[in-house]
Amino acid sequence: ANEMYEEFLKRVEMGISPYKIMEIGTVAKEYLEEVFKHAKSNDRRVEQGKEPLHEIEGGKGYWTNSRAIDEDQHCRTLEKYWMTLPNQDITTIKERHLDTFDSWGKRSPREWSPSTRNRYIITIRHIWRYAKRQGYVDSIPSPKRAREDLKARSRRDLKPDEYDMIRRYVRDKY
């Protein structure tokens, strides 16, 4: 009962109805609206020769339209992942639930690389960062990241005869 009361009190203090469920999909849509608003503002300022105002919080650079479109695509894909979580309420989703994303991403029909799965994890963290700014959650989770096996994913070394062939082509051409 104490745990339920604490959750009830926390929602009341945030100004949210204790009975309202803050669905992760709804929060993600609010987040995207903010991203597109910031991107539009930044692009307008850049066209005027001014510095962009809206940085990517917890990321690198500034919001642009192309980055907002990428983020939108990630959120659309994440909609399928949200359905695999035990509940849809962002206030009750635990970090251990989000740790399942990497294994879910490995089962993707497109066989995502580790860096692609990690990029989606960054988007998940951006959504939680937005939710924290809005007062929906108190912390930002750090889901398990995909291990980048760079050695296994790297290209093979050139053979000496392949290198010589490239060198001869470049010398003859230029």
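Use the structure listed above.
What counts as what
Residues numbered from 1 in each chain as written. Predicted model: local features only at pLDDT ≥ 70, side-chain atom pairs only at ≥ 80, totals over all residues. Heavy atoms only, no water. Phe/Tyr/Trp six-rings, centres within 6.5 Å; stacked < 30°, edge-to-face > 60°. Helix = DSSP H or I, 4+ residues; strand = E, 2+ residues; numbered from the N terminus. Buried < 20%, exposed > 50% of the residue type's maximum accessible area, 1.4 Å probe, protein only. Axes fitted to C-alpha atoms, helices over the stretch in contact; angles between N-to-C directions. Parallel < 35°, antiparallel > 145°, perpendicular 65-115°, else oblique. Contact = heavy atoms within 4.5 Å. Nonpolar A, V, L, I, M, F, W, Y, C, P; charged D, E, K, R; others polar. Expected span 1.5 Å × (residues − 1). Salt bridge = Lys/Arg side-chain N within 4 Å of Asp/Glu carboxyl O.

Overview of the packing of aromatic side chains
The geometry of two aromatic rings is summed up by the distance between their centres and the angle between their planes.
Reasoning step 1: Under the counting rule described, the total for this entry stands at 10 aromatic pairs.
Reasoning step 2: Ring plane angle 40° and centroid distance 6.1 Å describe the contact between F101 and Y120, whose orientation is recorded as tilted. Of the two residues, F101 sits in helix 5 (residues 101–106) while Y120 sits in helix 6 (residues 114–134), which places them 19 residues apart along the sequence.
Reasoning step 3: Using a relative accessible area of 0% as the deciding quantity, one classes F101 as buried.
Reasoning step 4: Taken together, the ring pairs in this structure connect Y81, W82, F101, W104, W112, Y120 and W128 into an aromatic cluster.

Section: the packing of helix 2 (residues 24–47) against helix 6
Reasoning step 1: With their axes 9 Å apart at the nearest point, helix 2 and helix 6 run at an angle of 90° to one another. In terms of their interaxial angle, helix 2 and helix 6 are classed as roughly perpendicular. The residues of helix 6 that touch helix 2, namely those facing I24, V27, A28, E30, Y31 and E34, are H126, I127, W128, Y130, A131, R133 and Q134.
Reasoning step 2: Across the contact of helix 2 with helix 6, the residue classes tally to 8 nonpolar, 2 polar and 3 charged.

Structural notes on helix 2
Reasoning step 1: The terminal C-alpha atoms of helix 2, which comprises 24 residues, lie 34 Å apart, in line with the 34 Å expected from a rise of 1.5 Å per residue.
Reasoning step 2: When helix 2 is considered as a whole, its buried residues turn out to be I24, V27, A28, Y31, L32, E34, V35, H38, A39, S41 and N42.
Reasoning step 3: Structurally, helix 2 contributes buried residues whose contacts are with helix 3 (65–82) and helix 6.
Reasoning step 4: Once helix 2 finishes, G49 follows within two positions and takes phi at roughly 80°, a positive value.

Some remarks on the pattern of salt bridges
Reasoning step 1: Here the structure, examined in full by the defined rule, presents 8 salt bridges.
Reasoning step 2: Taking the shortest distance from any N to any O, the salt bridge between R133 and E34 comes out at 2.4 Å. Highlighted residues: R133 in helix 6 and E34 in helix 2, separated in sequence by 99 residues.
Reasoning step 3: Exposure remark for R133: the relative accessible area of 39% places this residue in the partly exposed category.
Reasoning step 4: Of the charged contacts in the structure, one is a salt bridge between D164 and R167, with a shortest N-O distance of 3.4 Å. Residue D164 and its partner R167 are both found in helix 8 (residues 160–173); the two are separated by 3 residues, about one turn of the helix.
Reasoning step 5: Exposure remark for R167: the relative accessible area of 39% places this residue in the partly exposed category.
Reasoning step 6: Among the charged side chains, a network of salt bridges with common partners joins E34, E57 and R133.

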